[in-house]
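What the coordinates show
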Amino acid sequence: MIRYVLLIIMLLPLVGETTFAANEDPVVFTEELAPVHFTEDGRIVGIATDIVRSIFQEVGLRPDIRSYPWKRTYINVLRNPGSFVFTINRTQDRENFFQWIGPIMHKRTYLYRLASRKDIHVTGPDALHQYTTVVILGYALTKKLEDLGLSPAKELIITRNKKEQMRVFLRGRADLITGNEFTMARALAETGHSMDEVVPVLLMNEKGYYLAANLDTDPKLVERLRLANTKIQQQGVVQRSIVKYMQPLQGSPHTTVSGHHAVGRHSGD
């Protein structure tokens, strides 16, 4: 834990200082992770984006949503009072760094293998040492796998984003990939494939995605946003947003992914 805090402190000067006036629209940081939140035609959209906008709208605010790579997004929200971040996993390591709103949507995160890779047998976390898993830099699940004893020098291949992660996996350079029912479906569809071609082998997390606020954000506003989230959850906003972004993926064309054995250490792209 200490090394992650030290890393954040070391990286702080690398990110431009931003100050927010009290009368400005709240700044909300996110990343590119389709279909949860992503940029399309110059506008940030997605399942969680619709939900977050609805939450702020419920309290009479319009969020200024800004998308950056995850590590920069995470650092930005830590250093800017009054700012927010979504979507973020609520973990023990992060608990005291934020004020939490949510969960705003539920998901199940798995390790997946190609359906064609019937040689892969994962009966539990201990079996992961036999395979390589491609992960994303700075993600909570990446740290969880490291805590289980998996090493970037051996079992883990660390990438910068979902597109790069999927490219490594589909090229057979990793045995397993992290993802959930939303991000995997979209990433596969974008490369001409479908969920029929992957198999979940180990459930890693079934907790929800959160909206989180910088610790110095007005607690009264945070509480209003929590109540707003409860209200929009009851109004069907989440399900409508899921249908809106996931239904077009149901008929996505796909081709067969070739399976390649990828045990051991691999170089990146």
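Cut-offs used in this document
Residues numbered from 1 in each chain as written. Predicted model: local features only at pLDDT ≥ 70, side-chain atom pairs only at ≥ 80, totals over all residues. Heavy atoms only, no water. Helix = DSSP H or I, 4+ residues; strand = E, 2+ residues; numbered from the N terminus. Buried < 20%, exposed > 50% of the residue type's maximum accessible area, 1.4 Å probe, protein only. Contact = heavy atoms within 4.5 Å. Areas by Shrake-Rupley, 256 points an atom, 1.4 Å probe, with all protein chains shown as cover. Pairing = 2+ DSSP bridges. pLDDT = per-residue confidence, 0-100. Axes fitted to C-alpha atoms, helices over the stretch in contact; angles between N-to-C directions. Phe/Tyr/Trp six-rings, centres within 6.5 Å; stacked < 30°, edge-to-face > 60°.

When helices and strands are tallied, the protein shows eight helices and 12 strands. Here the protein, with 269 residues, has 51% of them falling under the buried criterion. In the protein, the share of contacts with a sequence separation of at least 24, taken over all contacts with a separation of at least 6, comes to 76%. Working note: accessible area of the protein is about 13,200 Å², and carbon and sulfur atoms make up 52% of it.

This part takes up unusual backbone geometry. Leave glycine aside and you will find that most residues have negative phi; peptide bonds, for their part, are mostly trans. Looking along the chain, the bond that leaves Ala-34 and enters Pro-35 is cis, with omega of 0 degrees. With respect to the element layout, Pro-35 can be found in the loop between strand S1 (27-30) and strand S2 (38-40). Look at the link from Phe-86 to Thr-87: it is a cis peptide, with omega at -20 degrees. Position of Thr-87 relative to the elements: it lies in strand S5 (residues 84-89). The residue Asp-41 is not glycine, and still its phi comes out positive at about 55 degrees. Mapped onto the elements, Asp-41 comes out in the loop between S2 and strand S3 (43-45).

Bringing the pairing of S5 into the picture now. Regular strands place side chains that alternate from one sheet face to the opposite one. Most of S5 is tucked away: six of the six residues are buried. The pairing of S1 with S5 spans two bridges and is classified as parallel. Residue pairing in the sheet places Val-28 in a bridge with Phe-84 of S5. Here S5 pairs with strand S12 (residues 209-214) via five bridges, running antiparallel. Counterpart to Asn-89 in the pairing with S12 is Tyr-209.

Scored by pLDDT, the protein comes out at a mean of 87, with 84% of its residues at no less than 70. Low confidence marks residues 252-269, where pLDDT is under 50. Its contacts with residues over four positions away, or in another chain, come to 53 contacts.

What the five strands build is an open sheet, ordered S9-S8-S10-S7-S11; its pairing is mixed. Looking at strand neighbours, the two that pair on one side only are strand S9 (156-159) and strand S11 (198-205), the edges of this open sheet. Strand-to-strand, the axes of this sheet are offset by a mean angle of 35 degrees, without reference to chain direction. Pairing of strand S8 (residues 133-136) with S9, which is carried by four bridges, proceeds in the parallel orientation. Residue pairing for S9: Val-135 is matched across the bridge by Ile-158. Strand contacts of helix H5 (residues 162-170): strand S7 (109-114), S8, S9, strand S10 (176-180) and S11, with the helix running at about 140 degrees to S10, the strand carrying the most contacts. Packed onto the sheet, helix H6 (residues 183-190) meets S7, S10 and S11 and runs at close to 115 degrees relative to S10.

Applying the stated rule across the entire model yields nine aromatic pairs. Each ring, one from Phe-29 and one from Tyr-68, has its centre 6.0 Å from the other, and the planes form 45 degrees; the classification is tilted. With Phe-29 in strand S1 and Tyr-68 in the loop between strand S4 (64-67) and helix H3 (70-79), the pair connects residues that are 39 residues apart, well separated along the chain. Note on Tyr-74 and Phe-98: the rings are 5.7 Å apart at their centroids and 70 degrees apart in plane angle, and the pair reads as edge-to-face. Here Phe-98 lies in strand S6 (residues 98-105) and Tyr-74 lies in helix H3, a separation of 24 residues in the sequence. Tyr-74 gets classed as buried once you look at its relative accessible area, which sits at 11%.

Quick look at the pairing of S6 now. Counting buried residues along S6, six of its eight residues qualify, which places the element largely inside the surrounding structure. Two elements, S6 and S12, share five bridges in a ladder whose sense is antiparallel. Paired with Gln-99 across the bridge in S12 is Ala-213.

Looking now at the sheet that holds S6. Ordered by their spatial adjacency, five strands build an open sheet running S4-S1-S5-S12-S6, and the pairing between neighbours is mixed. One side of each edge strand has no neighbouring strand; the edge strands of this open sheet are S4 and S6. Each adjacent strand pair in this sheet contributes to an overall mean axis angle of 30 degrees, direction not counted. Strands S1, S4, S5, S6 and S12 of the sheet are contacted by helix H2 (residues 47-58), whose axis makes an angle of about 120 degrees with S6. Strands S1, S5, S6 and S12 of the sheet are contacted by H3, whose axis makes an angle of about 125 degrees with S5.

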